[in-house]
Amino acid sequence: MRRKPRKLSGMLLRSYILFSLSLGVSFIVLLLFFVARTNARMPAEDMSPLQAHAIARPDQADIRTDAIEAVDGWVEILDEQLRILEVRGEKRDGAAAGYTERELNALFHDTDDNPFYASIAPFHTNDGERRYVLVRLPKQHVRTDVVLSEMTAANWNIFWIALAETGALFVLLFGLNVYVYSRLTAVRLTNPLGAIAAGIRSISDGRYHERLRVEANYELAQIQESFNKMAEKLEQAEADNRRMAESKQRMLVHISHDLRTPITTIRGYAEALQHGVIKDEAARQRTLSLIHGKTKLVSELIDDVFELAKLEVPDYPVAKTTCDLAEFTREMAVDHYDLFEEKGMVFECDIPADELPVPIHAKLLYRAISNLLANALKYNQPGTHVRLSLIDGPGEVRLEVADNGIGIPAELRARVFEAFVRGDAARKSDGGSGLGLTIARHIAEKHGGRLELDSGGRWTRFVLTLPKAGETAASMGGISAAERRR
């Protein structure tokens, strides 16, 4: 399953957070670097717990000597007369019970024959008595450092050098972060935008078949989806235009053929009459009747072409009035009943008795159904059953014209609604214009419906589907069949 693309704002927020975190980590690294560089070059104060003043406490029980004993040192608690009151650890310089001032001062002499460092700190007990803490440490385990209380010029030089090194490293890390952030943003933004720009150029060059296939964030994915839909519609429009151009070309060929044949016949008969070739009065009347029939065919063809041209205009106005479609269909059946009787066909009707309000343009719908009935009458043999049905359904109604006659050849079924396509293989001069079904489908579409062919089984059915009225039956207009034919 394809993952839903994330929003662009979320991507920018995540990138900004990553950028901020990387800067924070860089800052911490630089701080540690600065501290390490200054500590490596500059001495610092030592508040070691190995010194006497650091462990002196008013309560002798609180004096901690663990660290001192760990380096083989010891602690001596002296009274005001420098007598040893308590020893913590192993005393390694003899078993004297106390010191004189001279002996005590000698402990602090830094000479080669003195193997111990010493520090002493006075303190007062909780009872107010004066005591001393004497710390003794072996020199082989302890190193002493001299700490300066103020920065010298050399120390300041060390500080500024470390600061300059840290600043240079900060500039390097900041530039690296900016580069990575900009590249990540460019991959997510500029790459899809570049692909979209390339797609627009391809559309402008007429390559409507190309589509965008870019992994992008939600907003850019929406643009991509809309672009692909636009390209698909343009491709479809181009294909439709090609088909329309081909159809118009075929239409011109068929019109020229269908007009040339009767006009040539009319011209020949007219010249024969003009030059007195036909002298018998009965023959002259037959010739005039033939001329009249051919002119009628030409007139019908011109009317059909004009009607089709009007219906193909997208904004051709079709003013519909809600009327009773059941009564409308019954009147049409009455108008055509005699025609089927004269040809020896069986004409049947199946129309509901109840009112069926449907918004229609009466004249156009009459033309569409008349074309369907005329085709059934024209192309079938005597004895054929023709049925006109009106079927009420949910939200729509269906008008069916069905017959069990010769049917429609399989190779023509997909093209039966195209202009100048006729059921007969040859384009006979008396076979009709071939525009009836095309006009009927356009009329159905102008009503918001559709016209379809159902040729399954023994029956051939043309099904005209119309949407029902949104208005009430009270607004139905009474239009007579005679008015519809006009």
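Figured I'd write up the structure that's included with this text.

Thresholds, definitions, all that
- Residues numbered from 1 in each chain as written.
- Predicted model: local features only at pLDDT ≥ 70, side-chain atom pairs only at ≥ 80, totals over all residues.
- Heavy atoms only, no water.
- Salt bridge = Lys/Arg side-chain N within 4 Å of Asp/Glu carboxyl O.
- Helix = DSSP H or I, 4+ residues; strand = E, 2+ residues; numbered from the N terminus.
- Buried < 20%, exposed > 50% of the residue type's maximum accessible area, 1.4 Å probe, protein only.
- Contact = heavy atoms within 4.5 Å.
- Pairing = 2+ DSSP bridges.
- Axes fitted to C-alpha atoms, helices over the stretch in contact; angles between N-to-C directions.
- Core = buried A, V, L, I, M, F, W, Y, C linked by side-chain atoms within 4.5 Å.
- Patch = residues over 30% accessible without salt bridge, like charges linked within 9 Å, V, L, I, M, F, W, Y side chains within 5 Å.
- Areas by Shrake-Rupley, 256 points an atom, 1.4 Å probe, with all protein chains shown as cover.

## Brief notes about the pattern of salt bridges
(1) Moving on: Counted according to the given criterion, the structure contains 19 salt bridges.
(2) Moving on: With a shortest N-O distance of 2.7 Å, D93 and R136 are connected by a salt bridge. Remark: R136 occurs in strand β4 (residues 130–138) and D93 occurs in the loop between β2 (84–88) and α4 (101–106); sequence separation between them is 43 residues.
(3) Moving on: Given a relative accessible area of 31%, D93 falls into the partly exposed group.
(4) Moving on: R136 sits in the buried class, given a relative accessible area of 2%.
(5) Moving on: Here E452 ties to R450 by a salt bridge, and the two come within 3.7 Å at their closest N and O atoms.

## What to know about helix α11 (residues 436–446)
(1) Moving on: A large share of α11 lies buried, amounting to 9 of its 11 residues.
(2) Moving on: Inspection of α11 places G436, L437, T438, I439, A440, H442, I443, A444 and K446 among the buried residues, and these make up the whole buried set.
(3) Moving on: Where α11 is buried, its residues touch α7 (281–311), α9 (362–379), β10 (450–454) and β11 (460–467).
(4) Moving on: Positive phi appears at G448, one or two residues downstream of α11, with a value of about 80°.

## Focus: the sheet that holds β10
(1) Moving on: If you walk across this open sheet you meet the 5 strands as β6-β8-β9-β11-β10, and the pairing is mixed. Each edge of the sheet is formed by a strand with only one pairing partner; in this case those strands are β6 (346–350) and β10. Each strand axis lies, on average, 15° off the axis of its neighbour in the sheet, ignoring direction.
(2) Moving on: Across 7 bridges, the pairing between strand β8 (residues 385–392) and strand β9 (residues 396–403) is antiparallel. Bridging across to β9, S389 finds its partner in E400.
(3) Moving on: Along the sheet, helix α8 (residues 325–342) makes contact with β6, β8, β9 and β11, crossing β8 at roughly 175°.

## Notes on the side chain of T329
(1) Moving on: Of note, T329 is situated in helix α8.
(2) Moving on: T329 gets classed as buried once you look at its relative accessible area, which sits at 1%.
(3) Moving on: For T329, the contacting residues outside a window of four places in its chain are I351, L388, L390 and L399.

## Regarding the sheet that holds strand β1 (residues 74–78)
(1) Moving on: With respect to topology, 4 strands assemble into an open sheet ordered β2-β1-β4-β3, the strand pairing being antiparallel. Pairing within the sheet leaves two strands with one partner each, and these edge strands are β2 and β3 (116–124). Direction aside, the axes of adjacent strands within the sheet are offset by 20° on average.

## Some details on the nonpolar core
(1) Moving on: Within the largest apolar cluster, 47 residues are counted, with the highest numbers of intra-cluster contacts made by L325 and F328.
(2) Moving on: Of all the secondary structure elements, the ones that give two or more residues to this core are α7, α8, β7 (357–360), α9, β8, β9, α11 and β11.
(3) Moving on: No other element matches the 10 residues that α9 contributes to this core.
(4) Moving on: Ranked by size, the runner-up nonpolar core spans 14 residues in total, among them V75, I77, L137 and V142.

## Details of a nonpolar patch on the surface
(1) Moving on: Together, L18, L176, Y179, V180 and L184 line one region of the surface with nonpolar side chains, adding up to about 480 Å² of accessible area.
(2) Moving on: Top contributing element to the nonpolar patch by residue count: helix α5 (residues 153–204), with 4 residues.
(3) Moving on: Positionally, L184 belongs in helix α5.
(4) Moving on: Overall, the relative accessible area of 38% leaves L184 in the partly exposed class.

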